[in-house]
Every structure is written in structure tokens, then in C-alpha cells.
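# Architecture at a glance
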Amino acid sequence: MSAPRRRTVQGLTWISIALFVVLVLVVFWQVFTRQVLQSPSGWTTTVSQYLFIWLVLFSVAMVFGERGHVAVDFFARLVPRPAQRITSVLVELSVLAFALLGLVWGGIRGMSISFDQAIPGLPVTVGQMYLALPIAGVLIALFALEDLVRAARGDDMLAGDDAQTEAALQSAGADADGAPEGGRASADGPTPASPTSPTEQKEA
């Protein structure tokens, strides 16, 4: 994963966390005003709905950026390597087309139609809340374009490889950190340090 992509994914992660926290607080206030105060808040339902939409869109972009999305690649891994490359290219082209047409173009069109439509009790309009669609679409399109280039070169064949590689590297790093200083960690356990030969003892 490239450094700009990693930073973008980290930013999306923090945005998703912040949206989730705000969503929980809004829903808690909604339940509190309804059940305890017996005076339901009028704005919490609408805000929670739009917060949930923003959370889903940015979370999807984050997962796609780290290539952790669900991918059924059982049959794709059975075909020869050139066919895997073609399959990966076709998949990335499909994702790119959906991001550009469905999210970016569709989101901008939805914004233009409802940009002046007011939301009761909120200082924003429906069109402004639709801004999450083109933003998420642009991010997914950039990720898909990078993956498309890699798939065309044959550097990355199937979806999910990056996430699996990152997990394997983190696991290997954790195993290396937990290995004792006197030996090297192996599959059967720590390998003890080799004993010093008599010649080396004399020289010492």
C-alpha cells in the first residue's frame, strides 16, 4: 500500500470513528428525550439517518482503500495467472465505472436536484447532505484506478491480497517482537543461540 493511500485510509478511519461516536450520542439523546423526558426531540431522527448514510459511505471507502472488502476469489485463483490478471482488470473497471457513474455522477445529479430543499429543523439542505456521495465516489474511483494499474502490470492479482499481506506482516512483526533475545523464533519455537567453539573461547 502506497504512503498517500495509507494516509487517506487512516483519515477515513478517524472520520468514520467520529461519525459513529456522534451517531451514538444522537441516538442516545433521542431515546433519553423520548423515554425519560417524555418530549421526543424533533431533529434527532433526521440527523441520525443522514449520519448513518455518511458513516456507511466513508466506511465503505475506507475498507475499499485497504482492500479489506469481501471478495469471492475461489474460482479466480483456480484459473491460470494470465486469466487472473484479466479478471482483476475487469473487476477494477467495473468498480471504477460504478464509482464514477453511480456515486460521483449520480451524487452530483442528486445534489443539483435537491440542493435548495430545506430539512426541517436543520440549517442544511438535502443537497448538501448528498455531498457524501460524490466525495466517497471520488475516493473509491482513485483507489480503483490505482488497483487497475497494479492489476494491469500483474503486481496485484486478486482483491484482498493487500489486506492479507498487511495482516501477515503485522503477525510476523508481533512474533519477532516476542522472540527471546538469545535465539531466533521459528515454527517449532525459539532456536537457541549456537554455542561458542573452543577456538573462539581461547581467542576471547
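Keep in mind that what you see is a predicted model, and the values were worked out from it rather than measured. (Residues numbered from 1 in each chain as written. Predicted model: local features only at pLDDT ≥ 70, side-chain atom pairs only at ≥ 80, totals over all residues. Heavy atoms only, no water.)

### Comments concerning the overall build of the protein
Looking only at helices and strands, one finds seven helices and two strands in the protein. In the protein, which comprises 204 residues, the proportion classed as buried is 31%. Sequence separation of 24 or more characterises 70% of the internal contacts of the protein that already satisfy a separation of 6 or more. As presented, the protein carries roughly 13100 Å² of accessible surface, and 67% of it is formed by carbon and sulfur atoms. (Helix = DSSP H or I, 4+ residues; strand = E, 2+ residues; numbered from the N terminus. Buried < 20%, exposed > 50% of the residue type's maximum accessible area, 1.4 Å probe, protein only. Contact = heavy atoms within 4.5 Å. Areas by Shrake-Rupley, 256 points an atom, 1.4 Å probe, with all protein chains shown as cover.)

### Brief notes about the confidence of the model for the protein
Per-residue pLDDT for the protein has a mean of 77; in total, 71% of the residues score no lower than 70. Within the protein, strand 1 (residues 184–186) has the poorest average pLDDT of any element, 44, and helix 1 (residues 3–35) the best, 91. Confidence drops under a pLDDT of 50 for residues 179–204, and excluding neighbours within four residues, the segment shows 15 contacts in the predicted structure. (pLDDT = per-residue confidence, 0-100.)

### Considerations on the pattern of salt bridges
Under the definition given, this model contains four salt bridges. The partner of R5 in a salt bridge is E146, and the shortest N-O contact between them spans 3.4 Å. Of this pair, R5 sits in helix 1 while E146 sits in helix 5 (residues 132–153), placing them 141 residues apart in sequence. For E146, a relative accessible area of 25% gives the class partly exposed. Among the residues examined, R5 registers a relative accessible area of 3% and is labelled buried. One connected set of salt bridges, linked through shared partners, spans R5, R67, E92, E146 and D147. (Salt bridge = Lys/Arg side-chain N within 4 Å of Asp/Glu carboxyl O.)

### What to know about the packing of aromatic side chains
The description of two aromatic rings rests on the distance between their centres and on the angle between their planes. Applying the stated rule across the entire model yields three aromatic pairs. Note on F28 and F32: the rings are 6.4 Å apart at their centroids and 20° apart in plane angle, and the pair reads as stacked. Linking F28 with F32, this pair stays in helix 1, spanning four residues, or about one helical turn. Site record: aromatic cluster; members linked through ring pairs are F28, W29 and F32. (Phe/Tyr/Trp six-rings, centres within 6.5 Å; stacked < 30°, edge-to-face > 60°.)

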